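Take a look at the letters that make up each chain.
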2 protein chains.
Amino acid sequence: MMMMAASASSSSSSSVAEVDQSSANLRPPASACDGWYGVAHGCTRKLGMKICGFLQKNNSLEEKSRMMGSFREKEQSHNRENREKETRFTRNETDFSNLFARDLLPAKNGEEPTMQFLLEIVEILTNYVRKTFDRSTKVLDFHHPHQLLEGIEGFNLELCDQPESLEQILVDCRDTLKYGVRTGHPRFFNQLSTGLDIIGLAGEWLTSTANTNMFTYEIAPVFVLMEQLTLKKMREIIGWPNGEGDGLFSPGGAISNMYSVMIARYKYFPEVKTKGMSAAPRLVLFTSEHSHYSIAKAGAALGFGKENVILLSTDQRGRVIPADLEAKIISAKQKGYVPLFVNATAGTTVYGAFDPINDIADICEKYNMWLHVDGAWGGSLLMSRKHRYKLNGVERANSVTWNPHKMMGVPLQCSAILVREKGILQGCNSMCAGYLFQPDKQYDVTYDTGDKAIQCGRHVDIFKFWLMWKAKGTVGFEQHVDRCLELSEYLYNKIKNREGYQMVFQGEPQHTNVCFWYVPPSMRNMPDGEERRERLHKVAPKIKAMMMECGSTMVGYQPQGDKVNFFRMVISNHAATKSDIDFLIEEIERLGQDL
Amino acid sequence: MMMMAASASSSSSSSVAEVDQSSANLRPPASACDGWYGVAHGCTRKLGMKICGFLQKNNSLEEKSRMMGSFREKEQSHNRENREKETRFTRNETDFSNLFARDLLPAKNGEEPTMQFLLEIVEILTNYVRKTFDRSTKVLDFHHPHQLLEGIEGFNLELCDQPESLEQILVDCRDTLKYGVRTGHPRFFNQLSTGLDIIGLAGEWLTSTANTNMFTYEIAPVFVLMEQLTLKKMREIIGWPNGEGDGLFSPGGAISNMYSVMIARYKYFPEVKTKGMSAAPRLVLFTSEHSHYSIAKAGAALGFGKENVILLSTDQRGRVIPADLEAKIISAKQKGYVPLFVNATAGTTVYGAFDPINDIADICEKYNMWLHVDGAWGGSLLMSRKHRYKLNGVERANSVTWNPHKMMGVPLQCSAILVREKGILQGCNSMCAGYLFQPDKQYDVTYDTGDKAIQCGRHVDIFKFWLMWKAKGTVGFEQHVDRCLELSEYLYNKIKNREGYQMVFQGEPQHTNVCFWYVPPSMRNMPDGEERRERLHKVAPKIKAMMMECGSTMVGYQPQGDKVNFFRMVISNHAATKSDIDFLIEEIERLGQDL
């Protein structure tokens with residue numbers, strides 16, 4: 001039997017009167033015990049009041065008789081008074097081997113197995129969370145694809161016609177985590193998105209429990225408003241007057257960047273929406289050779305063509321050279337092309353470089369072009385009073401991509417496209433689908449966001465971020481950013497003159513990206529030349545492979561331009577400390593010393 | 001103090017030896033207690049073995065001395081042996097009013113507050129789940145945007161500079177759910193995506209705990225393989241030989257449909273990727289006037305232009321008339337345009353109509369055009385032996401959109417784009433970003449999926465679906481589909497001759513969409529004409545507004561073509577029963593009788 005212990009409220013007694021009050025409001029008033037219609041305060045308009053009054057008189061008998069259909073429902077009815085309060089569920093030893101998905105809610109008598117199953121899942125997950133932060137666990141337990149496909153240790157990935165027991169489902173859940181990668185581990189440095197934020201995690205759990213869709217206020221009232229308020233706050237931080245403008249959360253930085261190109265085109269050549277690219281002259285986009293590939297991808301997808309995405313030269317730190325931009329604009333114009341759009345990157349993927357936005361904005365103004373700032377990675381530095389100067393001029397951008405799921409530690413996916421001009425997202429993407437966006441709803445339909453998006457259904461990405469902001473405050477994000485940048489400074493200072501290390505670019509990194517070659521002892525006296533390059537190119541992949549096979553840590557590597565493979569260390573993980581940086585360096589040296 | 005009770009395994013003892021065995025494998029072997037490197041079986045290659053051997057000799061002292069840095073870490077070290085087993089966490093009465101996000105992991109001594117906080121969140125969520133299935137709760141507690149923005153009952157949506165206590169965060173979570181919409185409620189019929197599947201929910205909780213990214217096998221090995229196997233299974237069910245082909249999970253049906261247009265263009269005019277739309281003749285797309293607006297949106301976004309998306313006429317049931325397609329193709333060719341792509345909808349949004357795929361496929365073959373089947377809503381009928389004939393010919397499509405997050409009850413987001421020809425997704429979208437997709441990794445890099453996508457980071461949408469398939473089997477999905485269609489047949493039979501009801505189209509619906517006008521008594525003797533139309537147009541919005549204000553149930557309405565507002569009932573919710581259908585009809589009549 002499931003044990004339920006009714007308690008007054010699941011939060012403990014509090015000394016803060018205000019909190020107590022709103023906590024109390026969570027419980028429906030006593031009248032709600034008579035049926036779903038009893039909560040009169042939801043009926044705020046005259047019409048609603050009339051109907052609710054009518055229902056209170058006429059419906060409760062009918063409603064109740066419908067309730068009597070089964071023993072289960074009778075039981076519910078009898079227990080309702082207790083159960084209107086929050087119920088505490090306690091795990092017990094349930095035998096899941098004879099239980100199946102069909103035994104869970106909405107099945108009759110499904111409440112007990114449902115609660116026990118969910119609590120068992122939570123047990124697995126909380127254990128995983130705990131171990132994620134424990135440095136004595138491995139970052140990953142590496143296996144090759146063919147090994148996992150063969151069904152390692154009974155972990156069978158194949159799907160079957162017949163259902164598995166819940167016991168097997170629980171085993172599958174454990175195995176899934178066991179053979180995965182702990183992206184929240186203090187020694188996971190492999191991507192721009194790392195770390196496991198507990199508030200963000202709680203936010204995601206709630207989001208998936210609410211399981212709704214951002215397209216209308218109708219079915220996501222709270223989340224739609226949270227999105228609006230959060231986007232406004234982000235626009236204020238960018239520096240747009242009164243936080244005015246528009247925006248959306250999209251499924252990632254690449255899609256956010258794609259939005260920026262679409263709306264730039266719509267701004268200057270709105271007829272393309274109806275007539276296609278043939279209605280416009282040959283349009284050209286500009287972006288740094290160090291920028292994210294999504295700008296070129298957008299150019300290809302949206303019908304500009306990759307060759308009309310002109311790559312800009314950078315200085316040795318990976319920053320766009322403004323004179324090169326202007327020269328290339330002039331050259332394009334001379335060929336009869338129309339320069340439309342410049343992407344300035346705030347925090348490049350590999351070097352973490354910040355393009356000089358003000359200089360680029362001057363050029364965009366001079367040539368009447370759209371300025372987009374891709375701050376997917378570096379936009380979060382706006383939260384830091386110390387580091388935000390690196391984005392000086394961002395308030396002059398027409399649009400900004402900013403991914404809280406990178407430097408701010410928000411769980412994937414959470415990316416915002418922010419637009420200075422109101423209405424342009426709607427104008428660009430609206431198709432006025434009558435079945436979804438009815439103009440004759442009872443509420444202010446300007447809150448329906450769906451017609452601004454290229455998506456129809458849209459996942460709720462806002463709640464975890466909103467909740468983290470509430471829980472940490474703006475200052476909490478600032479501290480996180482400052483701390484990660486301090487750690488990268490520590491790494492930079494540690495290795496810049498260390499034997500066996502060679503920095504990919506000189507000077508302190510602008511973001512947390514520290515790019516370096518590790519040169520094994522056997523190569524340290526080799527003369528520069530093709531042979532050394534070829535050997536050095538293989539060092540990082542070899543060390544990385546050993547790291548992964550042993551599961552000790554993970555860090556990225558790549559070539560860039562004519563530079564052979566080097567390590568790119570990035571820090572966005574709030575669990576990482578100096579000792580983890582030390583560990584990484586010792587690990588590289590230990591694994592690489594005999595190469 | 002947190003209570004921890006170590007137990008051998010969190011699943012109860014089982015009689016199935018196989019299950020026990022894989023369960024046992026979840027615990028690291030005893031040697032793992034000496035440090036992260038001890039699990040030798042992860043080091044499967046010679047190189048790995050060599051390194052691991054080296055580490056076992058040299059690293060444990062160093063590793064341990066690093067552990068001694070703090071009391072907390074010492075404690076961890078001492079307790080490790082017990083803690084390698086799964087730990088049971090028990091909720092206790094924690095005072096969250098003096099706890100903040102900064103007190104949670106990775107903070108020192110953060111484990112206890114973290115576990116207590118997460119368990120408190122789970123308490124809130126499990127109570128929500130329980131109430132979701134309880135018909136005595138309301139579907140929603142409606143408020144207007146301005147009411148929620150004003151901070152109703154202390155629920156403050158504004159973000160602040162300073163952090164809030166965890167107690168306030170818990171209150172915010174409760175309020176977020178309180179003012180939201182219970183999309184899993186048995187009487188929520190408002191969207192194509194309804195219902196709260198417990199296995200899917202567990203899958204989402206795990207997904208967000210794993211918090212990783214689909215772009216490489218490197219950091220999502222298990223999920224990448226699950227995606228491959230599941231897509232293959234779906235292609236088998238479509239009927240492509242041996243399940244060959246390609247595919248991806250995308251952030252929704254609109255994006256999946258956009259993919260289909262992109263790859264069709266790439267197939268016939270690959271030079272557009274490089275040179276833009278000016279390299280191709282005027283290309284024309286065809287889709288039903290009843291099809292989803294995402295085809296037109298894709299046409300606008302990708303540079304074809306909305307006017308080159310030709311809408312096809314339908315019969316009175318909303319199915320494309322093949323002769324109309326052929327006539328419009330011929331007409332386009334006569335104008336010198338190039339017919340490129342036909343979208344056949346399997347399950348339209350409003351009528352649930354299935355276009356005749358075989359007839360359309362004949363025409364596509366004749367004119368050498370790409371055939372896409374948008375089965376976002378109706379694709380799931382392929383799981384039903386009884387209903388899959390409605391998609392006859394789907395195996396002749398070049399690409400198929402299929403959203404498990406609609407008719408299969410998988411939590412949002414879960415949409416697949418499936419492609420018959422292998423390699424074309426990669427060819428279309430690849431940009432070969434060196435920093436992410438290194439060719440010199442130690443594993444088979446054909447498993448890296450990122451370069452096929454228009455996204456860079458990609459959320460893990462597969463796990464919940466894979467887990468549901470495991471838990472229900474193919475037969476479980478079949479039963480779900482069949483049951484929903486039976487319920488809609490029940491509704492159709494109930495109202496087709498009922499007084500006050502008028503069907504929007506005649507005959508049994510092909511999908512679960514039942515479209516009807518409710519005609520209030522005062523209008524039943526009105527002659528047909530503009531006045532009646534105008535009045536009837538207002539009936540559904542008024543009833544819907546009252547439903548929402550009272551929170552009793554939710555169902556969609558919309559106009560379509562020259563038809564005034566009508567109700568579109570859809571059933572995808574596994575919690576719905578005949579009694580809920582009865583309730584809906586009684587509710588419409590009760591609310592509408594005085595209009």
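Here the structure is a predicted model, which is why all the values come from computation and not from measurement. (Residues numbered from 1 in each chain as written. Chains lettered and ligands numbered in written order. Predicted model: local features only at pLDDT ≥ 70, side-chain atom pairs only at ≥ 80, totals over all residues. Heavy atoms only, no water.)

Draft legend 1. Spotlight on the overall build of chain A. The helix and strand tally for chain A stands at 17 helices and 14 strands. For chain A, buried positions account for 70% of its 595 residues. Once local pairs closer than 6 in sequence are excluded, the contacts in chain A between residues at least 24 apart make up 72%. Surface accessibility of chain A: about 19100 Å² in total, with carbon and sulfur atoms responsible for 50%. (Helix = DSSP H or I, 4+ residues; strand = E, 2+ residues; numbered from the N terminus. Buried < 20%, exposed > 50% of the residue type's maximum accessible area, 1.4 Å probe, protein only. Contact = heavy atoms within 4.5 Å. Areas by Shrake-Rupley, 256 points an atom, 1.4 Å probe, with all protein chains shown as cover.)

Draft legend 2. Structural context of the UniProt feature "modified residue: N6-(pyridoxal phosphate)lysine" (unreviewed entry) in chain A. Residue and element names in this part refer to chain A. The sites that UniProt annotates as "modified residue: N6-(pyridoxal phosphate)lysine" (unreviewed entry) are Lys-406. Here Lys-406 lies in the loop between strand S9 (399-402) and strand S10 (415-419). Judged by relative accessible area, which is 15%, Lys-406 ranks as buried. Every residue in contact with Lys-406, bar those within four places of it in the chain, is listed here: Leu-192, Ser-193, Ala-376, Trp-377 and Ser-572. (UniProt positions renumbered as here; feature names shortened; annotations may be inferred.)

Draft legend 3. Representation of the interface of chain B and chain A within the structure. Of the residues lining the interface, 223 residues belong to chain B; the matching set on chain A comes to 223 residues. For the interface between chain B and chain A, the tally reads 60 residue pairs in polar contact (both at pLDDT 80 or more). (Polar contact = N/O pair within 3.5 Å; in protein donor to acceptor, adjacent residues only side chain to side chain.)

Draft legend 4. Expanded view of the relation of the copies chain B and chain A. Least-squares fitting of chain B to chain A yields an RMSD of 0.0 Å, with the transformation described by 0.0 Å of translation along the axis and a rotation of 180 degrees. Overall, the copies show the geometry of a two-fold rotation axis. Every residue of chain B has its C-alpha some distance from the rotation axis, and the shortest such distance is that of Leu302(B), at 2.0 Å. Most of the interface of chain B is mirrored in chain A, where 100% of its interface residues again form contacts. (Least-squares fit on C-alpha atoms with pLDDT ≥ 70 in both.)

Draft legend 5. Broad picture of the sheet that holds strand S14 (residues 563-569) of chain A. Residues and elements named next belong to chain A. The sheet built from five strands is open, its strands ordered S3-S13-S14-S12-S11 with mixed pairing. Edge positions in the sheet fall to strand S3 (188-189) and strand S11 (501-503), since each has one partner strand and no second. The pairing of strand S13 (residues 554-560) with S14 spans four bridges and is classified as antiparallel. Bridged to Gly-556 within S14 is Arg-568. (Pairing = 2+ DSSP bridges.)

Draft legend 6. The arrangement of helix H8 (residues 221-238) of chain B in detail. Residues and elements named next belong to chain B. The first and last C-alpha atoms of H8 sit 26 Å apart over 18 residues, in line with the 26 Å expected at 1.5 Å per residue. Within H8, 15 of the 18 residues are buried, which leaves the element mostly enclosed by the surrounding structure. Downstream of H8 by one or two residues, Gly-239 has phi in the positive range, about 110 degrees. (Expected span 1.5 Å × (residues − 1).)

Draft legend 7. Here's a closer look at helix H16 (residues 530-550) of chain A. Spanning 21 residues, H16(A) covers 31 Å between terminal C-alpha atoms, matching the ideal 30 Å at 1.5 Å per step. At the C-terminal side of H16(A), Gly551(A) shows a positive phi close to 75 degrees.

Draft legend 8. Looking closely at the environment of Glu218(B). For Glu218(B), the position within the fold is in the loop between helix H7 (198-210) and H8. Assessed through its relative accessible area of 6%, Glu218(B) is described here as buried. Expressed as a C-alpha distance, the spacing of Glu218(B) and Val445(B), which sit 227 residues apart in the sequence, is 8.9 Å. Setting aside anything within four residues of it in sequence, one finds Glu218(B) in contact with Val181(A), Asn190(A), Lys544(A), Met548(A), Met554(A), Gln438(B), Lys441(B), Tyr443(B) and Asp448(B). Of the polar contacts made by the side chain of Glu218(B), one reaches the side chain of Lys544(A); its length is 2.4 Å. Here the side chain of Glu218(B) touches Lys441(B) through a polar contact of 3.0 Å, side chain to side chain.

Draft legend 9. Examining the sheet that holds strand S14 (residues 563-569) of chain B more closely. Residues and elements named next belong to chain B. Within the open sheet, the five strands sit side by side as S3-S13-S14-S12-S11. Their pairing is mixed. If you trace the sheet from one side to the other, it starts and ends with strand S3 (188-189) and strand S11 (501-503), each paired once. The pairing of S11 with strand S12 (residues 514-518) spans three bridges and is classified as antiparallel. Following the sheet pairing, Met-503 is matched in S12 by Phe-516. This element, helix H17 (residues 578-592), spans S3, S11, S12, strand S13 (554-560) and S14 of the sheet and lies at about 25 degrees to S12. (Axes fitted to C-alpha atoms, helices over the stretch in contact; angles between N-to-C directions.)

Draft legend 10. Structural view of the nonpolar core. By size, the foremost hydrophobic cluster in this structure holds 318 residues, and its most contacted members are Phe117(A) and Phe117(B). The residues contacting Phe117(B), other than those within four sequence positions of it, are Ile198(A), Ile199(A), Ala202(A), Phe96(B), Leu104(B), Leu166(B), Ile169(B) and Leu170(B). With 60 residues, the next largest nonpolar core counts Met262(A), Met262(B), Val309(B) and Ala453(B) among its residues. (Core = buried A, V, L, I, M, F, W, Y, C linked by side-chain atoms within 4.5 Å.)

Draft legend 11. Region of the structure containing the packing of aromatic side chains. Within this structure, the stated rule accounts for 37 aromatic pairs over all chains. Summarising the aromatic geometry, the rings of Phe96(A) and Phe117(A) are spaced 6.4 Å apart at their centres and angled 70 degrees between planes, so their arrangement reads as edge-to-face. Taken as a pair, Phe96(A) in the loop between strand S2 (87-90) and helix H4 (111-132) and Phe117(A) in helix H4 lie far apart in primary sequence, 21 residues in all. For the pair shown, Phe96(A) and Phe117(A) are each scored as buried. Ring plane angle 70 degrees and centroid distance 5.8 Å describe the contact between Phe223(B) and Phe463(B), whose orientation is recorded as edge-to-face. Pair noted here: Phe223(B) is in helix H8 and Phe463(B) is in helix H15 (residues 462-495), with a separation of 240 residues, a long-range link. Members of the aromatic cluster, connected to one another through ring pairs, are Phe155(A), Tyr179(A), Phe223(B), Phe463(B) and Trp466(B). Sitting over the face of the ring of Phe100(A), Arg102(A) holds its NZ or CZ atom 4.6 Å from the ring centroid. Here the basic side chain of Arg282(A) rests over the ring of Tyr337(A), its NZ or CZ set 4.1 Å away from the ring centre. (Phe/Tyr/Trp six-rings, centres within 6.5 Å; stacked < 30°, edge-to-face > 60°. Lys NZ or Arg CZ within 6 Å of the ring centre and 35° of its normal.)

Draft legend 12. How the structure looks around unusual backbone geometry. Between Leu105(A) and Pro106(A) the backbone carries a cis peptide bond, its omega angle lying at 10 degrees. Looking at the element boundaries, Pro106(A) is found in the loop between S2 and H4. In this chain, Leu412(B) is followed by Gln413(B) through a cis amide linkage whose omega measures -5 degrees. One non-glycine residue, Asn368(A), adopts positive backbone phi at about 55 degrees. Inspection of the secondary structure puts Asn368(A) in the loop between helix H13 (357-367) and strand S8 (370-375). With a relative accessible area of 51%, Asn368(A) lands in the exposed category.

Draft legend 13. Summary view of the packing of helix H12 (residues 322-334) of chain A against H13(A). Residues and elements named next belong to chain A. Two elements in contact, H12 and H13, have axes whose closest approach is 9 Å; the angle formed by their N-to-C orientations is 20 degrees. When the axes of H12 and H13 are compared, the pair comes out roughly parallel. Helix-helix and strand crossings are classified by hand; for H12 and H13 the assignment is right-handed. Two secondary-structure elements touch here, H12 through Pro-322, Leu-325, Glu-326, Ile-329, Ile-330 and Lys-333 and H13 through Asp-359, Ile-360, Ile-363, Lys-366 and Tyr-367. Of the residues contributing to the contact of H12 with H13, the split by class is seven nonpolar, no polar and four charged. (Parallel < 35°, antiparallel > 145°, perpendicular 65-115°, else oblique. Left-handed = near helix turned anticlockwise from the far one by under 90°. Nonpolar A, V, L, I, M, F, W, Y, C, P; charged D, E, K, R; others polar.)

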